[in-house]
Amino acid sequence: MRILHVVAGLPLAGGGLSELVPRFALEAARLGNDVTIATVARNDEPLSAAAQASAAGGVRIARFAPAFPRALFFSWEMRRGLPDLVRSADIVHVHSNWTFPVWWGSHCGLKAGKPLVMSPQGCLDPVRLAHSAWKKRLVGLFDRRYLRQAAVIHATSEMERDWIERYLGKGPRIAVIPNGVEMPDAGAAIPKPEGRVRKVLYLGRLHLLKGLDLLLDAWRMACPDGKTGWQLVIAGPDEQGTRSRLEPQARRLGLENVAFVGPLYGEQKAKALAEADLFVLPSRTENFGIAVAEALAAGLPVITTKGTPWSEIDGSCGWWVDVNAQAIAKALAEGIALSDEERAAMGNRGRELVAAKYRWEAVGRAMAGVYQSLIERK
C-alpha cells in the first residue's frame, strides 16, 4: 500500500502527535508499505526524535514551508504540493483537527477519490470544545464536513468513540485502535538502593486539563506532615503559564517534597520512569493518556482518574479514581503504604497488560488492517 499521513507539525519538543504519527508511519513501513508523512516545517527545522527514527526506517517526510497565519499551520507550498502526493497514494490519513493541513489533506483526498482516515486524537473532547468555543464552532464547519465524509474515523478508546458520536451523531464508521507504546527491556531496570527517597512521578504537559492543581492538593492530604522518604516529581513542558500558578500553590500548601524538573526526553525520560515508584496522571480529561501506557510498560503502578479511559488498571496494576483531590489523595496514600514488593507485583501486571494490548507492533497491524479493508472495499 502507498500510505500518506498528513499532520500539522512534528516539532522536536512537541510530544503527542509529533511522537504518535511517525510511529504509526514507521510500523506501516515495517510491514512493507510505502509511507510518506506530509507536514508543515522549514527545511532547517529539527523534527521530533520519532520523526527522525521513522525517516531512518524508510518513511519519507515531505516538508512544506509555513506561511501566515502560523496559528493554523497554513502553507502555500502545501496547498500547491499536497495534491500530487495525494494522487499517488492509496490511503490518506489525516491527524487532529482545527488546522489547514487537516482541511486541505481531507479536501484533496476526497477530491481524488482516495479512502480518507481521520484521527481526531482528543480534539472532540467536550471539555476541549468548550475552550475557545466560538472559534471551534466557526472552523468546525470544515471539520464536521470532512469527518462525516471520511471512510473511517480512528478513535483511540471507547471514550473517544463516544465523543465523536456526540459531536457528529450516529452514522460514521469508527475504528477503535489504541495508541501504541514501546516496551522497555525489563532486564535493563536500574537497581534502586536501600534508604533512597521514593518518588511519585507525573510526566506530561503542564496544563490546566492535566489536573496538577488537584494533584498538589491531594499530595498535601496524602502527606500531611511533609512525609519524609517520598517526593512528588512533576516533569513536563510548561503551557499557558501553568507552572507559574502551580509553584505558588505548592508554597502556600507548605509542600517541600515537590520538585518541578521541566521537560524530559529520551534517556532523561527513561531514567525518570526507572527511578520512580508510582506514576500519577490526574487529568480532568484524556482521549487516551499515552503516559499511562508508558508508565505501565516501565513497570510502575499507576494512579489516574475517570477522566481517562484506563478503567482496566483498577485493582490490578493501579487506581482509577474520581476527578477530585480527595480521591487522588486516597489512592496516593494507599500506593505509598504498600511495600516495595507489592508495588513491584502491580508493576509486573501492568507490563503484562501493555505487552498483550498496546505494543506498537500489534497497533500497527491493526491500523494496516483498516487500510487494507478500505482499499478492498474501494
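Nothing here was measured: the structure is a model prediction, and the numbers come from that model. (Residues numbered from 1 in each chain as written. Predicted model: local features only at pLDDT ≥ 70, side-chain atom pairs only at ≥ 80, totals over all residues. Heavy atoms only, no water.)

S.K.: Sorry, what's going on with the packing of helix 8 (residues 212-222) against helix 9 (residues 243-252) here?
M.R.: The packing of two helices is summarised by the inter-axis angle and the distance between the axes. At their nearest, the axes of helix 8 and helix 9 sit 10 Å apart, and the two run at 15 degrees to each other. With respect to helix 9, the axis of helix 8 lies roughly parallel. Note on packing geometry: the crossing formed by helix 8 with helix 9 is right-handed. Where helix 8 abuts helix 9, its residues Leu 212, Asp 213, Leu 216 and Asp 217 lie against Leu 246, Gln 249 and Ala 250. Split by residue class, the contact of helix 8 with helix 9 holds four nonpolar, one polar and two charged. (Axes fitted to C-alpha atoms, helices over the stretch in contact; angles between N-to-C directions. Helix = DSSP H or I, 4+ residues; strand = E, 2+ residues; numbered from the N terminus. Parallel < 35°, antiparallel > 145°, perpendicular 65-115°, else oblique. Left-handed = near helix turned anticlockwise from the far one by under 90°. Contact = heavy atoms within 4.5 Å. Nonpolar A, V, L, I, M, F, W, Y, C, P; charged D, E, K, R; others polar.)

S.K.: Where do I start with the environment of Leu 4 in this structure?
M.R.: Locating Leu 4 in the fold gives a position in strand 1 (residues 2-7). For the pair formed by Leu 4 and Ala 89, sequence separation is 85 residues and the distance between their alpha carbons is 6.1 Å. Other than its neighbours up to four places away in sequence, Leu 4 contacts Thr 36, Ala 38, Leu 82, Leu 85, Val 86, Ala 89, Ile 91, Val 92 and His 93.

S.K.: Would you explain the sheet that holds strand 11 (residues 278-281) in this entry?
M.R.: What links the strands of a sheet is backbone hydrogen bonding, and the strands pair in either a parallel or an antiparallel sense. Spatially, 10-9-8-11-12-13 is the arrangement adopted by the six strands of the open sheet, whose pairing is parallel. Two strands bound the open sheet, and with one partner strand each, they are strand 10 (258-262) and strand 13 (318-321). Averaged over neighbouring strand pairs, the angle between their axes works out to 20 degrees when direction is ignored. Bridge analysis of strand 12 (residues 302-305) against strand 13 gives four bridges, and the strand direction is parallel. Among the inter-strand pairings, Thr 305 is bridged to a residue of strand 13, identified as Val 321. The strands touched by helix 10 (residues 266-275) are strand 8 (198-203) and strand 11; relative to strand 8, the strand with the most contacts, the crossing angle is about 135 degrees. Across the sheet, helix 11 (residues 290-297) touches strand 8, strand 11 and strand 12, and the angle it forms with strand 12 is around 165 degrees. (Pairing = 2+ DSSP bridges.)

S.K.: Can you walk me through the side chain of Asp 277 in this structure?
M.R.: Inspection of the secondary structure puts Asp 277 in the loop between helix 10 and strand 11. When its relative accessible area of 5% is taken as the criterion, Asp 277 is described as buried. At a separation of 2.6 Å, a polar atom in the side chain of Asp 277 contacts the side chain of Arg 196. Aside from chain neighbours lying at most four places away, what touches Asp 277 is Lys 192, Arg 196, Arg 198, Lys 199, Trp 230, Leu 300, Pro 301 and Arg 343. (Buried < 20%, exposed > 50% of the residue type's maximum accessible area, 1.4 Å probe, protein only. Polar contact = N/O pair within 3.5 Å; in protein donor to acceptor, adjacent residues only side chain to side chain.)

S.K.: What's the story with helix 7 (residues 158-168) in this structure? I'm lost.
M.R.: Structurally, the α-helix is built with 3.6 residues per turn, so residues lying three or four positions apart point the same way. For helix 7, the full list of buried residues reads Glu 160, Trp 163, Ile 164, Tyr 167 and Leu 168. Seen from one end, helix 7 has its buried residues packed into an arc of 115 degrees, which puts them on one side. (Arc of directions from axis to C-beta.)

S.K.: Help me out: how do you make sense of the pairing of strand 11 in this one?
M.R.: The side chains of a regular strand alternate between the sheet's two faces. With burial as the criterion, each face of strand 11 is covered, one bearing Leu 278 and Val 280 and the other bearing Phe 279 and Leu 281. For strand 8 and strand 11, the ladder comprises two bridges, and the chain directions are parallel. Across the sheet, the residue bridging to Leu 201 is Phe 279, located in strand 11. The pairing of strand 11 with strand 12 spans three bridges and is classified as parallel. Note on strand 12: the bridge partner recorded for Val 280 is Ile 303. For the crossover from strand 11 across helix 11 to strand 12, the handedness is right-handed. (Right-handed = clockwise from strand over helix to strand, strands pointing away.)

S.K.: Help me understand the packing of aromatic side chains, please; the structure alone is not making it clear to me.
M.R.: The description of an aromatic ring pair rests on the distance of the ring centres and on the angle between the ring planes. Applying the stated criterion to the full structure yields eight aromatic pairs. Arranged with centres 5.1 Å apart and planes meeting at 50 degrees, the rings of Trp 310 and Tyr 358 form a pair that is tilted. Residue Trp 310 is located in the loop between strand 12 and strand 13, and its partner Tyr 358 is located in the loop between helix 13 (340-357) and helix 14 (360-377); the two are separated by 48 residues in the primary sequence. Tyr 358 matches Trp 310 in its accessibility class, with the two residues each being buried. Here a set of aromatic residues connected by ring pairs shows up, and it is made of Phe 74, Trp 76, Phe 100 and Trp 104. The positively charged end of Arg 79 is found above the aromatic ring belonging to Trp 104, 5.0 Å away from the centroid. Stacked on the ring of Tyr 167, the Lys or Arg Arg 144 has its end atom at 3.9 Å from the ring centre. (Phe/Tyr/Trp six-rings, centres within 6.5 Å; stacked < 30°, edge-to-face > 60°. Lys NZ or Arg CZ within 6 Å of the ring centre and 35° of its normal.)

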